[in-house]
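Given next are the chains, with one letter for each unit.
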Amino acid sequence: PGKDVYAVAGNPITHSKSPLIHQRFAQQSQQKIHYGFLQPELDAFKKTADTFFSAGGKGMNVTVPFKLDAREFAHQLTPRAQLAGAVNTLYIQNAIIYGDNTDGAGLVRDLLVQGIALRGARILLLGAGGASRGVMGPLLEQAPKQLVIANRSADKANELVQLFGALATSHQVFLQSVALGDLEKSANTNTPFDLVINATAAGLTDESPISDAAASTIFTSKSFAYDMVYGKTTAFMRQALYRGARVSDGLGMLVEQAADAFLIWRGADCSQKIDPRAVLNELRSL
Ligand code: NDP
């Protein structure tokens, strides 16, 4: 009673780490909130979200598979949610429900905190689904030298290049797409990348989207390999480790996107008080 109510919506959702993450941020910043989880039926996101906000809910995190439903549900989108084409954070202000997307900002902050230089870097982004689209804007804003998007179906990678072409030009980034198959064919002539991000769903089944041959040319000991999947050392990370590269899973991105959502809800004043890296360390120790 008296506490502002928040929730994460997804399906499945019971293993979500978001309630713990937000409870820790609330403790760190002495905010009294209630944070629960919601598991709408696959076709019932709107009904669940309507009920939640009508009952006074203040904000919602949205995860697989509802990020597009959340985009439809929001009355108004922030510019970065528009660019991302998906919404992972909803909040209500003066009876207007806003949709935002903090995934890309979360990834960028996790990379920067880990000491990865993005300005001037050569970046390879594997995958052209929702996760890739969500992080492209924030990555381009860091002004890397080059961003190559590689996807199984080249069409989807091309679409992203079209969509983000103007932003890339304004930050003087050389933006290209390539079919994963072509990356494999030219395995002998590929040049190494400073940062390779796996945003494909391949990690979930412990496959890597690239062959060992391609990995040998893409990674050097100076590369950094980032897998958006978290909680395990994936086949993709093992390929990079074998070539002496540094690696990270996506748990830091999860915590950092949650931190941004928390600050949207509870106010930027909390930013000095919350400690996402302490929360990340706690999650790693569980
Ligand atoms: P989508 O379904 O939108 O896209 C999946 C992408 O993976 C497509 O580009 C698809 O290629 C590619 N893909 C799937 N299987 C393979 C395979 N075996 N080999 C090569 N490519 C493959 O998913 P999302 O973009 O939403 O999510 C991608 C991953 O990112 C998920 O594992 C998700 O858990 C993770 N994620 C992590 C976050 C975090 O906070 N750490 C946040 C958001 C996502 P094609 O187009 O050719 O089918």
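Computed from a predicted model, the values in this text were never measured in an experiment. (Residues numbered from 1 in each chain as written. Predicted model: local features only at pLDDT ≥ 70, side-chain atom pairs only at ≥ 80, totals over all residues. Heavy atoms only, no water.)

## Observations regarding the nonpolar core
Note the following rule: Residues grouped as a nonpolar core are buried Ala, Val, Leu, Ile, Met, Phe, Trp, Tyr and Cys residues, joined through side-chain atoms within 4.5 Å. Between buried and exposed lies partly exposed: a residue is buried under 20% and exposed over 50% of the maximum accessible area for its type, with that area taken using a 1.4 Å probe on protein chains only. Only DSSP runs of H or I with at least four residues qualify as helices, and only runs of E with at least two residues qualify as strands; both kinds are numbered from the N terminus onward. Pairs of residues are marked as contacts when any of their non-hydrogen atoms sit within 4.5 Å.
Counting 30 residues, the largest nonpolar core has L107, L111, M136, L195, I197 and Y226 as its most contacted members. Broken down by secondary-structure element, the contributors of at least two residues to this core are α5 (103-113), β7 (122-126), α6 (130-141), β8 (146-151), α7 (154-170), β10 (195-198) and β11 (224-227). In terms of residue count, α7 provides more of this core than any other element does, six residues in total. Not counting residues within four places of it along the chain, the set of residues in contact with L111 comprises I116, L118, L139, L195, F224 and Y226. Counting 23 residues, the second largest nonpolar core, distinct from the first, contains L254, V255, A261 and C270.

## So, the site of the ligand
Heads up, the rule is: When we say a residue is near a molecule or strand, we mean one of its heavy atoms is within 4 Å of it. Pairs of N or O atoms within 3.5 Å make up the polar contacts considered here, provided that, within protein, one atom can donate a hydrogen while the other can accept it, and that residues adjacent in sequence are counted only when both atoms are side-chain atoms. Using the Shrake-Rupley algorithm and a 1.4 Å probe, accessible areas are obtained, with residue cover drawn only from the displayed protein chains. Under this grouping Gly is polar, as are all residues other than the nonpolar Ala, Val, Leu, Ile, Met, Phe, Trp, Tyr, Cys and Pro and the charged Asp, Glu, Lys and Arg.
The local shell around the ligand holds 24 residues, among which A131, N151, R152, K156 and M228 are the closest. In this structure, an oxygen atom belonging to the ligand sits 3.0 Å away from a main-chain N or O atom of A201. In the model, a nitrogen atom of the ligand is placed 2.9 Å from a nitrogen or oxygen of the M228 main chain. Burial of the ligand by the protein chains amounts to 76% of its free accessible area of 930 Å². Breaking the shell around the ligand down by element, the ones donating at least two residues are α6 and α11 (251-266). Broken down by class, the residue content of the shell around the ligand amounts to 13 nonpolar, seven polar and four charged.

## A short note on the domain arrangement of the chain
The cut-off we apply is this: Bear in mind that the domain bounds are from an automatic or database domain assignment. Buried area, as used here, totals the accessible surface that two parts lose on assembly, with accessibility defined by a 1.4 Å probe and the loss added over both. For this analysis, a salt bridge means a side-chain nitrogen from Lys or Arg found within 4 Å of a carboxyl oxygen belonging to Asp or Glu.
Taken domain by domain, the chain holds domain 1 (4-101 + 252-285) and domain 2 (105-249). With centres defined by C-alpha atoms, the gap from domain 1 to domain 2 works out at 26 Å. Facing 15 residues of domain 1, the contacting portion of domain 2 comprises 17 residues. Both sides together, the interface formed by domain 1 and domain 2 hides about 1,300 Å², and carbon and sulfur atoms give 55% of it. The tally of links between domain 1 and domain 2 comes to four salt bridges. R109 is the salt-bridge partner of E256, the closest N and O atoms lying 2.8 Å from each other. The interface formed by domain 1 and domain 2 includes nine residue pairs in polar contact (both at pLDDT 80 or more). Elements with a contribution of two residues or more to the side of domain 1 that touches domain 2: α4 (79-84), α11 and α12 (276-285). With seven residues, α11 is the largest single contributor of residues to the side of domain 1 that touches domain 2. Across the side of domain 1 that touches domain 2, the residue classes tally to five nonpolar, four polar and six charged.

## Digging into the sheet that holds strand β2 (residues 33-38)
Defined as follows: Between any two strands, pairing holds if DSSP finds at least two bridges. Only the stretch in contact is used when fitting a helix axis, every axis being a line fitted to C-alpha atoms; angles between N-to-C directions are given from 0 to 180 degrees.
Here six strands make up an open sheet; going across it, the order is β2-β1-β3-β5-β6-β4 and the pairing mixed. One side of each edge strand has no neighbouring strand; the edge strands of this open sheet are β2 and β4 (76-77). Bridge count for strand β1 (residues 4-9) against strand β3 (residues 59-62) is four bridges, and the pairing is parallel. Looking across to β3, one finds that V8 is bridged to N61. Strands in contact with helix α1 (residues 18-28) are β1, β2 and β3; relative to β2, the strand with the most contacts, it is inclined by about 175°. Seen against the sheet, α11 touches β1, β2, β3, β5 (89-93) and β6 (96-100) and runs at an angle of roughly 5° to β5.

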